[in-house]
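Read off the chains here:
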Amino acid sequence: QVQLVESGGGLVQPGGSLRLSCAASGSIFNFYAMGWYRQAPGKQRELVATFTSGGSTNYADSVKGRFTISRDNAKNTVYLQMNSLKPEDAAVYYCNANRVLPISGRNLEVWGQGTLVTVSS
């Protein structure tokens, strides 16, 4: 059973940086695409960044040039480096693992519990 645990959230001033971590329970990166999502109060959960099993990355336009997603296969951990943080970046950030089952074609999706990022002076 795949489990994801996020950490690294906290309080940071505007312009500051944080690095979020998502630790997986096993070596899943060859099978799952990884993603970071965020959800602010009263808003929809939105995709921030993805890291596919093939190693390609994508970012939401709002974070391009400021956020970087990476993974460490040896540590079974995916990271989100967040620089030049803005108040509008404040949200609960969730780690996600996703794959399509080869037999049924059904989607398999695993979510972490979330970690809170607060951007305030």
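See above for the structure.
1. Concerning unusual backbone geometry
Of note, the phi angle at Asn-76 is positive, near 55 degrees, even though the residue is not glycine. Residue placement: Asn-76 occurs in the loop between strand S7 (67–72) and strand S8 (77–82). Non-glycine residue Ser-84 carries a positive phi angle of around 50 degrees. Counting through the fold element by element, Ser-84 comes out in the loop between S8 and strand S9 (91–100).

2. Comments concerning the sheet that holds strand S3 (residues 18–24)
Within the open sheet, the 4 strands sit side by side as S1-S3-S8-S7. Their pairing is antiparallel. One side of each edge strand has no neighbouring strand; the edge strands of this open sheet are strand S1 (4–7) and S7. Pairwise comparison of adjacent strand axes, ignoring direction, gives a mean angle of 15 degrees for this sheet. Examined bridge by bridge, S1 and S3 share 4 bridges and lie antiparallel to one another. Among the inter-strand pairings, Leu-4 is bridged to a residue of S3, identified as Ala-24.

3. A word on the nonpolar core
Counting 29 residues, the largest nonpolar core has Leu-4, Met-34, Trp-36, Leu-80, Met-82 and Tyr-93 as its most contacted members. Those elements that provide at least two residues to this core are S3, strand S4 (33–39), strand S5 (46–51), S7, S8, S9 and strand S11 (115–119). The residues touching Met-34, leaving out its near neighbours within four places in the chain, are Leu-4, Cys-22, Ile-28, Phe-29, Ala-49, Thr-50, Phe-51, Ile-69, Val-78, Cys-95, Asn-96 and Ala-97.

4. Topic: the environment of Leu-47
Locating Leu-47 in the fold gives a position in strand S5. For the pair Leu-47 and Arg-19, spaced 28 residues apart in sequence, the C-alpha separation works out to 17 Å. Leu-47 has contacts with Trp-36, Tyr-37 and Ala-60, leaving out every residue within four places of it along the chain.

5. Considerations on the state of the cysteines
This model, assessed by the stated rule, comprises 1 disulfide. Paired by a disulfide, Cys-22 and Cys-95 hold their sulfur atoms 2.0 Å apart. The sign of the -80 degrees torsion about the S-S bond sets the Cys-22-Cys-95 disulfide as left-handed. Taken together, the positions of Cys-22 in strand S3 and Cys-95 in strand S9 put the pair 73 residues apart, joining distant regions of the chain. Note on accessibility: Cys-22 and Cys-95 belong to one class, buried.

6. Here we look at the pattern of salt bridges
Should the charged atoms of two oppositely charged side chains come close, the side chains can pair. This structure, assessed with the given rule, holds 3 salt bridges. Between Asp-61 and Lys-64 there is a salt bridge, with the nearest N and O atoms lying 3.1 Å from each other. Judged by relative accessible area, Asp-61 falls into the exposed class, the value being 64%. Close ionic contact of Asp-89 with Arg-66 constitutes a salt bridge, the shortest N to O distance being 2.8 Å. On the criterion of sequence distance, the pair formed by Asp-89 in the loop between S8 and S9 and Arg-66 in the loop between strand S6 (57–59) and S7 is long-range, its members being 23 residues apart. We note that Asp-89, like Arg-66, is buried. Salt bridges sharing common partners tie together Arg-38, Arg-66 and Asp-89.

What counts, and where the lines are drawn
Residues numbered from 1 in each chain as written. Predicted model: local features only at pLDDT ≥ 70, side-chain atom pairs only at ≥ 80, totals over all residues. Heavy atoms only, no water. Helix = DSSP H or I, 4+ residues; strand = E, 2+ residues; numbered from the N terminus. Pairing = 2+ DSSP bridges. Axes fitted to C-alpha atoms, helices over the stretch in contact; angles between N-to-C directions. Core = buried A, V, L, I, M, F, W, Y, C linked by side-chain atoms within 4.5 Å. Buried < 20%, exposed > 50% of the residue type's maximum accessible area, 1.4 Å probe, protein only. Contact = heavy atoms within 4.5 Å. Disulfide = S-S within 2.5 Å. Salt bridge = Lys/Arg side-chain N within 4 Å of Asp/Glu carboxyl O.

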